[in-house]
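Read off the chains here:
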Amino acid sequence: MPTTWHIRYQGDLLHIEDIALSAIADAFETPCYCYSAAGIRTQYEAFTHALKDLPATIHYSVKANPSLAVLRLLANQGSGADVVSRGEIHRALAAGIPGGKIIFSGAGKSPDELAYALDTGIAQINVESHEELEQLAEIAASKNTTARVAVRVNPDIDAQTHKKITTGTTDNKFGIPWQEAETFLRRASSLPSIETVGLAMHIGSQIVKPSPFDDAFARLAALAEEMRSKGFPLQTLDLGGGLGTNYENDAPLKLKLEDYANTIRKHFGALPYRLLLEPGRALVADSGVLLTRVLQEKHSGTKRFLIVDAAMNDLMRPALYDAHHDIVPVVRTDAPLSPAEVVGPVCETSDTLARNIPLPPLASGDLLAILQAGAYGASLASMYNSRLRVPEVLVSGSKMAAVYRRPDYDEMLKPECIPEWLDEDIAK
Ligand code: LLP
């Protein structure tokens, strides 16, 4: 059952803040994502509170939930942004986050993206390869400007999370091996269009144990101090994101925000660097649900299938990472629960949203809420099976608005064309 105060039952009806999810379904139809503004704000405040004695700034990782409205909400709280593409820079700027608060990460950046980033006065570009450094130096020189650069090091620390979201071991494509930091910094400091401001690191996502952070921070702190002692004037350390959330409401989270902050304090509290944090999931995951309606129920062998109108294209995480999301009925009853496999209409067996979910008897049209869907939900959505992109609704108290409206089928076809010569070819 939901445990967060902004998504909870009032009477027997599940609410997001002051609005019943059934009212959202009536107003905007299903499937749709619903986000709690208060929930996101509270998480942001919890972060800043936990870090208040540290020289740390938060750069929300846009990929977790790139909705313009969510970005504006966080911008209003004072957040900067961590971006990985030109599109994300464009979004962050459009939402009101200035270039001076944006950090550009990412394993491969095109010349066009680097040039665009420099034009925005971007705070920092995290360079991930020796070749990228040379390309960036050339682009910056051609613009008569200086690029502020951090080198993303790969600390070779296992984040102990799902292998598809592990980024900090030598088997992963990210960063340069930490042992090469000095060579990189030497080269960077010889390039007049490059100002090397720091080191960066991100070891993975959905990390729920303290030890990977502890080990990685220890390595980064030691490396920074060694480089500083060798004369490199490092100012910033970017610690990446990665703090996990609790996808199973009954299981207590193994790594709390306070413990994460204490691990940061332990390694960097006495050092002279500005710390940059890039949380994504931890800021938004708990504040979102994917609202869906039951289409049909059917039984096969011992299995109870609930076919719902949301599918793997709307929420990819179960199919991609075997991720678990709890699912609860919007109308709570005392009826006996029995395990169900909640599946979508997409023509793939991987379109299974959750297995073994205890649910009461449900009829066609009944509403379900898929929990902890505020991060990497809508942002990973596609139009597979020509299903329209799932809309998003933001709630604040008793106010609600579609912040991504449901497109129509003509819009779906708009970017496509049938070349005239296709029919001419047949006529010949
Ligand atoms: N910084 C960098 C450089 C990143 O690559 C990421 C996430 C973050 C920060 C934010 O990490 P977070 O705090 O959200 O863990 N789609 C996957 C997660 C992929 C994360 C990719 N990088 C999922 O649904 O679990």
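Everything in this summary refers to the structure shown in the same document. Here the structure is a predicted model, which is why all the values come from computation and not from measurement.

**Let's talk about the state of the cysteines**
Each disulfide consists of a covalent bond between the sulfur atoms of two cysteine residues.
Inference 1: Inspection of the entire model under this criterion finds zero disulfides.
Inference 2: You can see Cys32 has no disulfide; the closest cysteine sulfur is in Cys34, sitting 4.0 Å from it.

**So, the sheet that holds strand β2 (residues 13-16)**
Adjacent strands of a sheet form backbone hydrogen bonds with each other and so pair up, either parallel or antiparallel.
Inference 1: One open sheet accounts for three strands, arranged β1-β2-β3; its pairing is antiparallel. Pairing within the sheet leaves two strands with one partner each, and these edge strands are β1 (7-10) and β3 (19-20).

**Quick notes on the packing of aromatic side chains**
Inference 1: Within this structure, the stated rule accounts for six aromatic pairs.
Inference 2: The interplanar angle of 25° and the centroid separation of 6.2 Å between the aromatic rings of Tyr33 and Tyr35 together place this pair among those described as stacked.
Inference 3: For Tyr35, a relative accessible area of 1% translates into the label buried.
Inference 4: Taken together through their ring pairs, the aromatic side chains of Phe47, Phe213, Phe217, Tyr260 and Phe268 make up a single cluster.
Inference 5: A cation over a ring is seen here: Arg86 above Tyr116, with NZ or CZ 4.0 Å from the ring centre.

**A word on the pairing of strand β17 (residues 338-343)**
Inference 1: Relative to β17, strand β15 (residues 303-308) is paired through three bridges, and the arrangement is parallel. Residue pairing across strands places Phe305 opposite Glu341, the latter belonging to β17.
Inference 2: Bridge count for β17 against strand β18 (residues 352-359) is five bridges, and the pairing is antiparallel. Bridged to Val343 within β18 is Thr352.

**Concerning unusual backbone geometry**
Inference 1: Cis geometry is adopted by the peptide bond preceding Pro31, which originates at Thr30 and carries an omega value of -5°.
Inference 2: Along the chain, Pro31 falls in the loop between α1 (21-28) and β4 (32-36).
Inference 3: Located in the positive-phi region is Asn144, a residue other than glycine, with phi close to 55°.
Inference 4: Counting through the fold element by element, Asn144 comes out in the loop between α6 (130-142) and β9 (147-154).
Inference 5: Judged by relative accessible area, Asn144 falls into the exposed class, the value being 74%.
Inference 6: Not every positive phi belongs to a glycine, and Asn356 is a case in point at roughly 55°.
Inference 7: Tracing the sequence through the fold places Asn356 in strand β18.
Inference 8: For Asn356, a relative accessible area of 62% puts it in the exposed group.

The rules behind each value
- As a convention, each chain's residues are numbered from 1 in the sequence order in which they are written.
- Residue-level local features of this predicted model are given only where pLDDT is at least 70; pairs of side-chain atoms are given and counted only at 80 or more, and the full residue set underlies all totals for whole chains, interfaces and linings.
- To obtain the side-chain values, all non-hydrogen atoms of the structure were used and water was disregarded.
- A pair of sulfur atoms, both from cysteines and within 2.5 Å, is called a disulfide here.
- Note on pairing: DSSP must find at least two bridges between two strands before they are called paired.
- Each helix is a run of H or I in the DSSP string that is no shorter than four residues. Each strand is a run of E no shorter than two, and both are numbered from the N terminus.
- Side-chain rings of Phe, Tyr and Trp (the six-membered ring for Trp) are treated as a pair once their centres are within 6.5 Å; stacked means planes under 30 degrees apart, edge-to-face means over 60, and tilted covers the remaining angles.
- Residue burial is assigned from relative accessible area. The probe radius is 1.4 Å, only protein chains are included, and a residue is buried under 20% of its type maximum, exposed over 50%, and partly exposed in between.
- Two limits define a charge over a ring: the Lys NZ or Arg CZ must be within 6 Å of the ring centre, and within 35 degrees of the ring normal.

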